[in-house]
Every structure is written in C-alpha cells, then in structure tokens.
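Residue strings, one per chain:
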Amino acid sequence: MLPGRILLAGLRRSASAASSVAQSPKNMCYWDRVIWSSRYFHSASDNAFSEGGSKAKELPDPFALIKDEVSEVTDRLRSMVVAEIPELTSTAGYFFRAGAEGKRTCPTVLLLMASAISTDMSDPIVGLENKPRARHMRVAEITEMIHISNLIHDDVLDNADTRRGMDSLNFTVGKKLAVLAGDFLLFRAFSAAVALDNTEVVSLLATAVNNLVTGELMQLTITPAQRCSMDYYLQKTYYKTAALISNSCKAVAVLSGQTTEVQDLAYQYGRHLGIAYQLIDDILDFTGTSASLGKASFSDINQGIVTAPILFAMEEFPQLREIVEQGFDDPSNVDVVLKYLQKSQGIERTRLLAAEHAKLAAAAIDDLPASEDPVVLSSRQALKDLTQKFLRRTK
Amino acid sequence: MSWRWALARRVAKLAATDGGGGAQAQRLLPTSSAAAGTGLLGRLHMPLASQIRSKVVGCRGAALVSSRWLHDAQYQVRQDGASRAQEQQDPFELVADELSLLANRLRSMVAAELHLQVPKLASAAEYFFKVGAEGKRFRPTVLLLMASALKFPLSESTEGGVLSILADKLRTRQQNIAEITEMIHVASLLHDDVLDDADTRRGVSSLNLIMGNKLSVLAGDFLLSRACVALAALGNTEVVSLMATAVEHLVTGETMQISTSREQRRSMEYYLQKTYYKTASLISNSCKAVAILAGHTAEVSMLAYEYGRNLGLAFQLIDDVLDFTGTSASLGKGSLSDIRHGIITAPMLYAIEEFPQLQEVVDRGFDNPANIEIALDYLRKSRGIERTKELAREHADRAVKAIESLPDSDDEDVLTSRRALIDITERVITRTK
C-alpha cells in the first residue's frame, strides 16, 4: 500500500497531460520516478503487444524518460559558463542558449546510464538533493561542455558556416574568439571535474579530451595509404566520436562505486553506441533523408574524408583504391567514387556493421547485474531503445 | 656534508663583503689546491657538471648545482683579487641543468605522441621547446627557483633515507608544474596566433596560411589536452583548480584585448586587469601551485602567488616601455608593434592623463603612420615612460618583499634560490631587451 501522498502525486500526474507538468527533478523523489518510469515501461510493452510485436512500430522515446533532468542540466550549464567578461560568456554559452541546445544526447545517455546501474534503493524522500544523483548530473554537464568545446574547435578547423541549423560560432564571432571560447569551456569542464574529488574520474575525462585531439590529428594528417584503411578509420572514429561518451559512461559507473565489471560494461555500451552513431552518420552523408543516393550533402567526401561505405566499396572494387588515394581535389573523382558506391554494397554493409555495434551495446546492458528496481529496468530498456533509435535515424 | 655548507657559507659571506674578502677567502682553503686554482669546492666542480647532466636532478642535485654557483662566486673573487661579489652569477644558470631536463622531457613527449602521426605538428610544437632559446625559459626558471626557495629543511642525518626520496618525488612533481605551465603558455601563444578571415584578406590567403591556422589550433589543443592529463596525474584538486583558473584568465585576457570597447581602451584599470590576466596570472598561479604541492600554509602560498603576480606585472610594464624605446634610451626606436596593432599600453595611458587631447589622436587609430608620430610626440613630452617604469619598480619591490616575508631558513640552497628570485626582479626592471 503506497503512502497516501504518493498516490496523490500519481493521481495528479495522470490527471495532467503527458508529463508536461514541470516537476522539478530535484524534488522528484524515488517513488515519483518509479511511477513515471513505469509509465514508460508500460508504454513500451503496450507497443510490443498491441501490434503483435511487429518491428516497424513507434518506439517509446528514450529521451522523454529523462527529459526534465536533462533540462536541468542545460540550465545549469548556462550558469556554469558565466565568465568574468560578457563577451566570453556569450561566446562560451552560444550553444547553451534556449533553442540552440541540440539533441543533448550525451547528458541523456549518461543520466540513463546512471539510473541503469544504480543499486542504491534508498533515496531520502525528505532530502532536497539526491547527492549521488547530483554528482552524476555533474558528469553529464562536464561531458556536454567538453563535447561543445570540441564542436566549436571542429567548426573552426573545418571552416564550417553552420552547425545545428544555425550559424556556427566562428561564423558569428570569428575564428579566434571561437578558439578561445572552446579553450575556456574545456578548462571550465576540467575544473568542475576536479571538484568531484575523484582522481579516476578526472583521469578518464582527461583521457577522453586527449583522444578527441588525437582523432582530429589523425584526420588532418592522413596519408593516402591510411585513407584506404578500415582499421585506421575505425580507430579514428573511436577517438573522435566514441571516446568521450564511453569514458564518461565509465566515469558515471566509477562515481557510483560500481565494480570494475560494471564499469567496463558501461564503457562498452558507450563505445559501441558511439561507433554505431558515427557509422549511421556516414551513411546519411550519402543518402540524406531518402534511401537513395543523391539527396544529401556529401560533405565528407567533398572534404576528402573517406568513410565506411566507401571503404567497403573499395573491398568490392579494388580499382576504386587508386582513385581514393589520389584524393578528391578533382570533383570528377567524387563522381566516379559515387558511381562505384551505388553499384556496391557499401551502404548496406555499413548499416550491418552499425547494427552489429548496436547489438553489442544492448548486450552490454543485458550483462549488467540483475535488478528488480523498476527505475533501473526502464532506464536499461531506454538505453537499448536508444541504440535502435540511432539505427533508424534519417537525419 | 654539513661542514662543506658551513665553509661555503663563510666563503659566500666573505665574498659579499667589500675589500679584503678575497684574501680571507684564500686563506680558508688549502694552499696547494689554492695555487692550482681548485679548492675543496673546486674538486667538486668538474665531476659535478657530468654528474648532474647524466642523472635526474633531484633536490640534492639542485643543492650541488648551487654549491657550484657559490664556488664560482668565490672563484671570481680570487680571480680579480678584489671582491666582485656584486657581479652575481646569472640566476638562470642556477637551474640551467634542471631546465634542460624539463625541456628534453617536453620535447620527447611531443615527439613521441605526435611524431608517428603528425611530423609537421611535432615540429610546430617542438620549436617552442627548443633548448637554449634566448630568454625564453623564464617561467620554468622562476618556478624551479621558487620550489627551491620553499624547501622545508632536510636534516643531514636522513640523507639517502625515506625523507630524501620523498623530497625527490616532490621535486619531480614541482618540475611537472613547470612543464605544465610551459605547455599552457605555448598553447596560448599558438591559439593567440590564430588569424581571422579579416586578417587573411589583407594578406595572401594561401593554403599555407590556412594550414597554418589549422595546425596552430590543433597544436594548441594537443598541448592543452596533455596539460590536462598531466594535471590529472598530479592528483591535487587545489593545484588543478589554480591552473584551470590560469587558463581561464589567459583566455579572458586575450578576449579582452580583442574586444575592448572605446571606453575600456582608455581605462588604466582595465588595462592593468587585462595585463594581469594575460601575463601575470599564469606565473602567479603556478608559483602558488608549487607552494601548495610542497604542503605549505595558505599564507606562504599567497606569498609565492604575490611574488609571481608582481613579477609578471613588472615584466609586462617594462615590455610596454621597451616597445617604445627599444634597446636605446630614446623613444621611437622600439618596434612599436603594440601601437601599430592599436594596443594602448601603460605609457600611452599615462600620457593621456597628462594631455587629454592625446585621447582624440588615439581614438583616430594608428593605420596612418603620421598619427603614430603625433602620439609619440605627446608621449615624449609626457612622463608616461617614467611613470610606467616607476610602477614597474613598485611591483618589483613588492615581489622582493614577498620573498623576504617567507619563513626563515638557514638552508643554503633555500637562501641562494631566494637571492636568485630577488635578482630576477632586478633583471626584469633593468633589462633593455
């Protein structure tokens, strides 16, 4: 029999429209989360049963499960990047403004992971702030800051004009101020990491930062031979895309005091998720919003970046290798490569590889120690759903 | 060992007094070796050099180096027969060997990490860590001297024991601070050099230039990320906090410089704040970090901080003067690069206080070289240069005071390092380039 107050809260929630009540997650105690997440779980299983388990159904949105906490993260981020001078605050906070936040995949994954591995059953209902949860949110904030700092520098390096559907920061304030803003964000993130008072966590994040730079270096200085190597490509992809999320997932596990096995599983989830994400990204650069070639940006290949679909195509058509080694300064080379790509199984094989990584990510979640806690279970389900969601994205 | 220190102390003291010191110093040493020009200390001289170069310079190594310094001082005295103790040995020499060690470590770190993938980047970053570049090893020198100046006394009986191993470990960590500081400094130089499209439009927007931009950003990022890793490895929250603050200040200072409004450009307060951020914050925070690593009290750490801060400010103020005067005493012979870039520094700000009409000239900007001449004219008439030098002297004095306020010690190494730190403030003020 649930305490009356909880029943009331549950009633209140079901009375209001689909969780649009702005319940502050800080005050959301354990049992509220149970109710909320059980709704997610039920909707997931409802979907499974209602259409006889057909595959092409609408997945429950894993982002929705944790939406409020992620909003809290974004709000905090805005205040965390306040600098001594307004010019710096505005450049550093450029991507944290309302409407500019993007999908906030990093914080979503991390907060879900924190719930998924949680073994702490006793939340103090009377407490205002769930201390361990607060620390996990810190990791989410730090990771997002590192991510944004990296985006900003990437745009400077690529001379990009747009990002997230709006002007890039370097387009708005110039390269130099953008570079400085990125540095500022990086070290703010680092200070916040240090405040967590856990040297292993700091180490993991520092490693992630280092990996990001290494990945970028690998891309900038690639030789013709390396351009044709799938191993080099996958390593570079790990560094550039997966290293941050995998190390932060592990950091979340470390902060929770989990065993090394659990830490490693968290890490593996992040790693496979990141790689799967990037592989689909590579496909989308060719296919765009439709399934056929020719309706997308081709920005990768135009910048001379050779991705998985082309690498697979090269395995089928060895003559492609010579053209790839030549590089893509000559636009006719691009056309030739695209023709080969269309003939080949490159796109399909990349999709298969992405699915493989998604499966491995889900497997990591399944390997987590068993739990009966509904919050834990629904978070784990959400993490698995996320891998599928990535595979199906069209933009 | 202690008798050698006692001897060295006596020699140094005698060398410091005027007249007759030389003769007395001579008498202290055995005559045969005195004739040969090598004393007891001298016999240490030759093996010292090779010893130090071939092994890690721990705190004892630093002590040996400084005894060599003392010997040189004494040797000079004997050379001229009169005390020339006023002619002190170069404080940079004091830590020269340790510095090469640091520089080599940095270079090999860069080479190891980057060489496999990015030879171009490796040479870009390596350039900055080249050994022997004139006047460039300022920060690490100050930090290593500060580390020595703050040493807790090691009792003689524990030499080679646990305490001395711990002391060596501390020294290594303090060396790491010096390395991290240098990495941050170079990264900030690289990022400050990033050109905007506006700049390339005036010049030639060649592939080289664009490549240069990319490499600058990436090389800087690389150094910053390695600094993060090294800081994480130190495992000291407060130290990381200090260095993160320093980076933040560097960024803030540079942003202030780029985006100053007209009103701000007139303000001496704004200028000094910006100068603190751009020049003094890194050295002051790293001095404080060195103190904290050694386990000193907040009070002592603040003294280290104050030394760094005032030294940095003094350095920049003299830099501003030299940009006008160059190596000559007269104005206008310097490179004038500040004013050409529209950067208004202390001498000009002081001049504006005296001649308000100069403000209008400054506001017009300095694309027109005739305007520069007009401004220089006002500057000549004003006391701008003098007042800047006075302010620099004031900061140098405060730096000296901070050193003098450090807790007493009779460790020779400590005293030597403190003297060297004081000497550096003097050099900063009196340098001509």
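Bear in mind that the values here come from a model prediction, so they are computed numbers and not experimental data.

All right, on to the overall build of chain A then. Of the regular secondary structure elements, chain A holds 19 helices and 2 strands. For chain A, buried positions account for 56% of its 395 residues. Of the contacts made within chain A by residues no fewer than 6 positions apart, 72% connect residues no fewer than 24 positions apart. When the accessible surface of chain A is split by element, carbon and sulfur atoms take 54% of a total near 17,000 Å².

Residues and elements named next belong to chain A. The contact between helix H10 (residues 199–220) and helix H12 (residues 230–255) brings their axes to 8 Å, and the two run at 170 degrees. Here H12 runs roughly antiparallel to H10, going by the angle between their axes. A class-by-class count of the residues in the contact of H10 with H12 yields 13 nonpolar, 7 polar and 5 charged.

With 35 residues of chain A in contact, the opposing surface of chain B contributes 40 residues. For the pair chain A and chain B, the summed buried area comes to about 3,700 Å², and 71% of that belongs to carbon and sulfur atoms. On the chain A side of the interface with chain B, the three residues burying the most area are Leu157(A), Lys176(A) and Phe187(A), jointly 19% of the side's total. Counting the contacts that link chain A with chain B gives 2 salt bridges. A salt bridge links Glu254(B) to Lys176(A), with the nearest nitrogen and oxygen atoms 3.1 Å apart. Counting across the chain A and chain B interface gives 9 residue pairs in polar contact (both at pLDDT 80 or more).

Time to look at the side chain of Thr387(A). Residue and element names in this part refer to chain A. Here threonine 387 is to be found in helix H19 (residues 374–391). Polar contacts involving the side chain of threonine 387 include one to the main-chain carbonyl oxygen of lysine 384, which spans 2.6 Å. Setting aside residues no more than four positions away along its own chain, threonine 387 makes contact with Tyr269, Leu273, Ala358 and Ala361.

All names here are of chain A. Phi is positive for arginine 104, which is not a glycine, with a value near 55 degrees. Among the structural elements, arginine 104 can be located in the loop between helix H5 (86–92) and helix H6 (105–116). By relative accessible area, arginine 104 is classed as partly exposed at 21%. One non-glycine residue with positive phi stands out, namely asparagine 159, at about 60 degrees. By the element assignment, asparagine 159 lies in the loop between helix H7 (131–158) and strand E1 (162–163). Under the relative-accessibility criterion, asparagine 159 is labelled partly exposed at 40%.

This part is about H6(A). Residues and elements named next belong to chain A. The first and last C-alpha atoms of H6 sit 16 Å apart over 12 residues, in line with the 16 Å expected at 1.5 Å per residue. Counting buried positions along H6 yields 12 of 12 residues, so the element is predominantly enclosed. Regarding H6, the residues found buried are Thr105, Cys106, Pro107, Thr108, Val109, Leu110, Leu111, Leu112, Met113, Ala114, Ser115 and Ala116.

We now examine the confidence of the model for chain B. Residues and elements named next belong to chain B. Confidence in the prediction for chain B averages 75 pLDDT; 66% of positions are at 70 or higher. Counting contacts from residues 1–8, a segment whose pLDDT is below 50, to residues more than four positions away or on other chains yields 13 contacts. In the predicted structure, residues 131–135 sits below a pLDDT of 50 and forms 4 contacts with residues beyond four places in sequence or in another chain. Both scores are given for the predicted complex: the pTM is 0.77, the ipTM 0.79.

Attention now goes to the pattern of salt bridges. All chains considered together, the criterion is met by 29 salt bridges over all chains. Of the charged contacts, one joins Glu216(A) and Lys240(A) as a salt bridge, the two residues approaching to 3.1 Å between their closest N and O atoms. One end of the pair, Glu216(A), is in helix H10; the other, Lys240(A), is in helix H12, and 24 residues separate them in sequence. Relative accessible area serves as the criterion here: at 23%, Lys240(A) is assigned to the partly exposed category. For the salt bridge of Asp377(B) with Arg380(B), the shortest nitrogen-to-oxygen distance reads 3.2 Å.

With that settled, consider the layout of surface pockets. Residues and elements named next belong to chain A. Quantified by volume, the second largest pocket comes out at close to 1,700 Å³. The wall of the second largest pocket is formed by 49 residues, among which Leu151, Arg163, Tyr277, Gln278 and Asp281 lie closest to the centre. For the lining of the second largest pocket, the elements supplying multiple residues, two or more each, are H6, H7, E1, H10, H12, helix H13 (260–287) and helix H14 (299–302). Here the lining of the second largest pocket gets 8 residues from one element, more than from any other, and that element is H13. Here the lining of the second largest pocket is composed, by residue class, of 13 nonpolar, 18 polar and 18 charged.

This brings us to the environment of Ala370(A). All names here are of chain A. By the element assignment, alanine 370 lies in the loop between helix H18 (346–366) and H19. You can call alanine 370 exposed: its relative accessible area is 82%. Measuring from C-alpha to C-alpha, the distance between alanine 370 and leucine 112 comes to 16 Å, with 258 residues separating the pair along the chain.

Residue and element names in this part refer to chain B. Within the secondary structure, asparagine 310 is located in helix H16 (residues 298–325). Here the side chain of asparagine 310 touches histidine 395 through a polar contact of 2.8 Å, side chain to side chain. Those residues in contact with asparagine 310 that lie beyond four places of it in its chain are His395, Arg398 and Ala399.

This part is about empty space enclosed by the protein. Going through the model one piece at a time under the given rule, you end up with 10 cavities of 30 Å³ or more. Its volume calculated, the largest cavity comes out at about 160 Å³. In terms of lining, the largest cavity is formed by 14 residues, of which the most central are Ser149(A), Asn150(A), His153(A), Val213(A) and Asp221(B). Contributions of two or more residues to the lining of the largest cavity are made by H7 and H10 of chain A together with helix H12 (207–234) of chain B. At 6 residues, H7(A) tops the list of elements feeding residues into the lining of the largest cavity. Looking at the lining of the largest cavity residue by residue, the class counts come to 7 nonpolar, 4 polar and 3 charged.

All names here are of chain A. Counted by the stated rule, this structure contains 8 aromatic pairs over all chains. A centroid spacing of 5.8 Å and a plane angle of 50 degrees characterise the contact between tyrosine 238 and tyrosine 239, whose relative ring orientation is tilted. The two residues tyrosine 238 and tyrosine 239 agree in class, both being buried. One residue, arginine 97, lies across the ring of tyrosine 94, its end atom 4.3 Å from the ring centre.

As a further point, take the packing of H18(A) against H19(A). Residues and elements named next belong to chain A. Close contact between H18 and H19 brings their axes to 9 Å; oriented N to C, the two are set at 175 degrees. As far as their axial angle goes, H19 and H18 are roughly antiparallel. Contacts from Arg351, Ala354, Ala355, Ala358, Ala361, Ala362, Ile365 and Asp366 in H18 reach Arg380, Leu383, Lys384, Thr387 and Leu391 in H19. Taken together, the residues that form the contact of H18 with H19 break down as 8 nonpolar, 1 polar and 4 charged.

Rules used in this analysis
Residues numbered from 1 in each chain as written. Chains lettered and ligands numbered in written order. Predicted model: local features only at pLDDT ≥ 70, side-chain atom pairs only at ≥ 80, totals over all residues. Heavy atoms only, no water. Helix = DSSP H or I, 4+ residues; strand = E, 2+ residues; numbered from the N terminus. Buried < 20%, exposed > 50% of the residue type's maximum accessible area, 1.4 Å probe, protein only. Contact = heavy atoms within 4.5 Å. Areas by Shrake-Rupley, 256 points an atom, 1.4 Å probe, with all protein chains shown as cover. Axes fitted to C-alpha atoms, helices over the stretch in contact; angles between N-to-C directions. Parallel < 35°, antiparallel > 145°, perpendicular 65-115°, else oblique. Nonpolar A, V, L, I, M, F, W, Y, C, P; charged D, E, K, R; others polar. Buried area = accessible area lost by both parts, 1.4 Å probe. Salt bridge = Lys/Arg side-chain N within 4 Å of Asp/Glu carboxyl O. Polar contact = N/O pair within 3.5 Å; in protein donor to acceptor, adjacent residues only side chain to side chain. Expected span 1.5 Å × (residues − 1). pLDDT = per-residue confidence, 0-100. 1 Å grid on protein atoms, 1.4 Å probe; cavity = no way out; pocket = protein on both sides within 12 Å on 5 of 7 lines; lining within 4 Å. Points joined across faces, edges and corners; volume = space filled by probe spheres on them. Phe/Tyr/Trp six-rings, centres within 6.5 Å; stacked < 30°, edge-to-face > 60°. Lys NZ or Arg CZ within 6 Å of the ring centre and 35° of its normal.

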